[in-house]
Amino acid sequence: MPVTRPLPRLDSDNRAFWTGGAEGRLLLNRCQDCRTFIHPPRPVCHHCLSEKVAPEAVAGTGTVDTFTVNHQKFHPAFEVPYVIARVAIDGAPGVFLTSNIVGCPVDAVDFGDRVKVKFEQQDDVWLPLFEKI
Amino acid sequence: MAAPLEAYISGVGQSEIAVKQTRHPLLLTLDAAREALDEAGLNISQIDGVSTYPGRVPAFLGFSPVGADELIDALGIRARWYAGGGEITSQLGAVVAAATAVRAGLARHVLCFRTVYEAAAMARPEEYPPLRRDRVDGQSQWFAPFGAISAANWTAQYAMRHVKLYGLTREQLAQIALTDRANACRNPRALVREPLGMDEYLSARMISSPLCLYDCDRFTDASTVIIVSAGNALDEIRCTPVRIAAMAGTVERHSWDQAEWMACYPTGSELWKHTDYKPADVDTAQLYDGFSFQAVAWLESLGFCGVGEGGRFIEGGQRIALDGELPLNTFGGQIGAGRLHGFGFAHEAVVQLRGKGGERQIAGDPKVAVATSGGGPLATALLLARD
């Protein structure tokens, strides 16, 4: 049986984020009063302290803000080398997701690359990975 | 109105620095405490406060095997005040807490310590089980599922931004590791006492680009103690007191990816608001280098050069060498001396200000030093002065 990636423990705060991929949706918590996106998801808005926060779907596209090519075998689930990137999420100012850029050679990734989410299911979790557009 | 009470560093001490030590971590802490007490001319009964980072971490004992309360009990310390925890502005935040306590009159002599046992724990997993979780939560959930498991990965992404925005080269970045290793050769306690050359650096395997093997510190078993004493208790100590002239710490959303940039930058700016000293007054800089790039970022943050100029500032290495204009990490930093985890920088600043550096002592009559810890989502800076 293949070793799986380390997976998040689902709870009321993060469940929407980690399972939205089942319907192909990237869900981010958003304040329903001031419209600020709140990531990591919490039950309160860090901008206006409103408790009216709810997950909303974003387009699922973004831009590579920074990245690294990891060469060290830190975990058996990951074949090295692989790209870890910080993706600035379209339509959600100030929200970045650390993820992997998949589907291309590791040396094909650069700053400013446009990317689109590609969900990978493992158990009850849909991991938002990204591939170049 | 009386002048505010100042906080000073009196004794500093360090255990042997090695890997796979079998000496009990409490006893390593005692080794460092004994040396610090001896230097200060204090005995344990005069210690009335204890401060540490991050306290005992039961799920990950190699990272932090000794808690403040445990040390208080083990050494029979009669503490009026103590603190230990990870939710502070990085490792030297424990010294900030101690200085704040003595200024408030809550204690006269606070023993601050950081004990690490990571190499020993890896060698004895039955006694020190590795961190195992069925599922990740908290901050880890945003990184571990994507194989961003090590702080090397998180720091590398900051470093890559510097490469892209400001043109940091590998040859420039190498100067941190080369300087550390050169200085470590002059420190009898350092873990890695062999020089490192540019060719060897450039041919090392990558860990997480742009960081190669030599940009990363090494797991170590050791303890460092720093005693913080109140300004009205100096008649009890026999060493030259080193004044904590300014302190600063910040947290940037306590996240490695949501903050716009690293916490060392606001921390560096904040430090100078609390003192009349200027960056040009600093005789030596002891800057956190768990990963080499953090030291580059700290040089910029503290105003030794402009933002983005760190690579050119260290180019060639002369400026930060032991005989340069700003000697950096004169004990070898964490890359050369071992991963003492933050406390080694404050320890060395005091050693240099007291002229006790032996073969690695900087020339002149150093009076002002800066020591830092962290740099990513958390950062602390101390400005130390021998008046």
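These numbers come from a predicted model, not from an experiment.

Chemist: Please explain unusual backbone geometry as it appears in this structure.
Modeler: Glycine aside, the phi torsion of most residues is negative, and most peptide linkages are trans. Looking along the chain, the bond that leaves H39 of chain A and enters P40 of chain A is cis, with omega of 0°. Structurally, P40 of chain A is set in the loop between β2 (37–38) and β3 (53–58). Note that the residue after S209 of chain B, namely P210 of chain B, is joined by a cis bond; omega there is 5°. Assignment of secondary structure puts P210 of chain B in the loop between β5 (206–208) and β6 (211–212). One non-glycine residue, R35 of chain A, lies in the positive phi region at around 75°. When you line up the elements, R35 of chain A lands in the loop between β1 (26–31) and β2. Of note, S90 of chain B is a non-glycine position whose phi angle comes to about 85°, a positive value. With respect to the helices and strands, S90 of chain B occurs in the loop between β3 (81–84) and α3 (93–103).

Chemist: Looking at this structure, how should I read helix α8 (residues 264–272) of chain B?
Modeler: Residues spaced three or four apart along an α-helix point in a common direction, a consequence of the helix completing one turn every 3.6 residues. Residues and elements named next belong to chain B. Turning to α8, its buried residues number three or more, namely C264, Y265, T267, G268 and L271. Down the axis of α8, the sector holding all buried residues measures 165°, keeping them to one side. Contacts made by the buried residues of α8 are with β8 (242–251), α9 (292–301) and β11 (378–385).

Chemist: Would you explain the sheet that holds β11 of chain B in this entry?
Modeler: Hydrogen bonds between backbone groups are what pair the strands of a sheet, and the pairing can be parallel or antiparallel. Residue and element names in this part refer to chain B. Taken in spatial order, the nine strands line up as β3-β2-β4-β7-β1-β8-β11-β10-β9 in an open sheet, and their pairing is mixed. Looking along the sheet, the strands with just one partner apiece sit at the ends: β3 and β9 (284–286). The sheet shows a mean angle of 25° between the axes of neighbouring strands, taken without regard to direction. Both strand β1 (residues 7–14) and β8 contribute to a ladder of two bridges, which runs antiparallel. Pairing of I9 across the sheet is with V242, part of β8. Docked against the sheet, helix α12 (residues 343–353) engages β1, β4 (109–117), β7 (221–230), β8, β9, β10 (368–374) and β11, running at close to 170° with respect to β10.

Chemist: For this particular structure, what's the right way to read the environment of C185 of chain B?
Modeler: Residues and elements named next belong to chain B. For C185, the position within the fold is in the loop between α6 (170–184) and α7 (198–202). A count of 17 C-beta atoms within 10 Å places C185 in the partly exposed class. Leave out the neighbours within four places in its chain, and C185 touches R193 and P195.

Chemist: What is the right way to read the nonpolar core from this model?
Modeler: Burial of nonpolar side chains together is a common tendency in soluble globular proteins. Core analysis: the largest hydrophobic core is formed by 160 residues, its most contacted members being V95, V228, L382 and L384 of chain B. Ranked by residues supplied to this core, first place goes to α3 of chain B with eight residues.

Chemist: Sorry if this is basic, but what is going on with the sheet that holds β1 of chain A here?
Modeler: Ordered by their spatial adjacency, three strands build an open sheet running β2-β1-β3 (chain A), and the pairing between neighbours is antiparallel. The open sheet has two free edges, formed respectively by β2 and β3 of chain A, since each of these has just one partner strand.

Chemist: What's the story with the interface of chain B and chain A in this structure? I'm lost.
Modeler: One widely used convention gives an interface's size as the accessible area the parts lose upon coming together. Listed as interface residues are 26 residues of chain B and, on the opposing side, 27 residues of chain A. Those elements that place two or more of their residues in the side of chain B that touches chain A are α5 (151–166) and β5 of chain B. A total of six residues in the side of chain B that touches chain A trace back to one element, the largest contributor, which is α5 of chain B. Grouping the amino acids of the side of chain B that touches chain A by side-chain chemistry returns 12 nonpolar, eight polar and six charged.

Chemist: Hey, could you run me through the domain arrangement of chain B in this one?
Modeler: Residue and element names in this part refer to chain B. Partitioning chain B into structural domains gives domain 1 (7–127 + 220–236) and domain 2 (149–218 + 242–385). Listed per partner, the contact involves 22 residues of domain 1 and 31 residues of domain 2. If you list the elements that add at least two residues to the side of domain 1 that touches domain 2, you get β1, α3, β4 and β7. Tallying contributions element by element places β1 first for the side of domain 1 that touches domain 2, with five residues. Counted by class, the side of domain 1 that touches domain 2 contains 12 nonpolar, seven polar and three charged residues.

Chemist: Is there a simple way to explain the environment of Q334 of chain B in this structure?
Modeler: Examined against the element boundaries, Q334 of chain B turns out to sit in helix α11 (residues 333–337). For the pair Q334 of chain B and A184 of chain B, spaced 150 residues apart in sequence, the C-alpha separation works out to 9.6 Å.

Chemist: Mind showing me how you'd approach the environment of Q139 of chain B here?
Modeler: Residue and element names in this part refer to chain B. As for its position among the elements, Q139 is in the loop between α4 (118–123) and α5. On the basis of neighbour counts, which here come to 14 C-beta atoms within 10 Å, the residue Q139 falls in the partly exposed class. Considered as a pair, Q139 and R80 are 59 residues apart in the sequence and their alpha carbons are 34 Å apart.

Chemist: Sorry if this is basic, but what is going on with the packing of α6 of chain B against α9 of chain B here?
Modeler: In a pair of packed helices, the angle between the axes and the distance between the axes together describe the arrangement. Residues and elements named next belong to chain B. Close contact between α6 and α9 brings their axes to 9 Å; oriented N to C, the two are set at 105°. Viewed along their axes, α6 and α9 adopt a mutual orientation that is roughly perpendicular. In this structure, α6 contributes L173, I176 and A177 to the contact, and α9 contributes S292, F293, A295 and V296. Considering only residue class, the contact of α6 with α9 consists of six nonpolar, one polar and no charged.

Conventions we followed
Residues numbered from 1 in each chain as written. Chains lettered and ligands numbered in written order. Predicted model: local features only at pLDDT ≥ 70, side-chain atom pairs only at ≥ 80, totals over all residues. Helix = DSSP H or I, 4+ residues; strand = E, 2+ residues; numbered from the N terminus. Buried ≥ 20, exposed ≤ 12 C-beta atoms within 10 Å, placed from the backbone. Arc of directions from axis to C-beta. Contact = placed C-beta atoms within 7 Å. Pairing = 2+ DSSP bridges. Axes fitted to C-alpha atoms, helices over the stretch in contact; angles between N-to-C directions. Core = buried A, V, L, I, M, F, W, Y, C linked by C-beta atoms within 7 Å. Nonpolar A, V, L, I, M, F, W, Y, C, P; charged D, E, K, R; others polar. Domains from an automatic or database assignment. Parallel < 35°, antiparallel > 145°, perpendicular 65-115°, else oblique.

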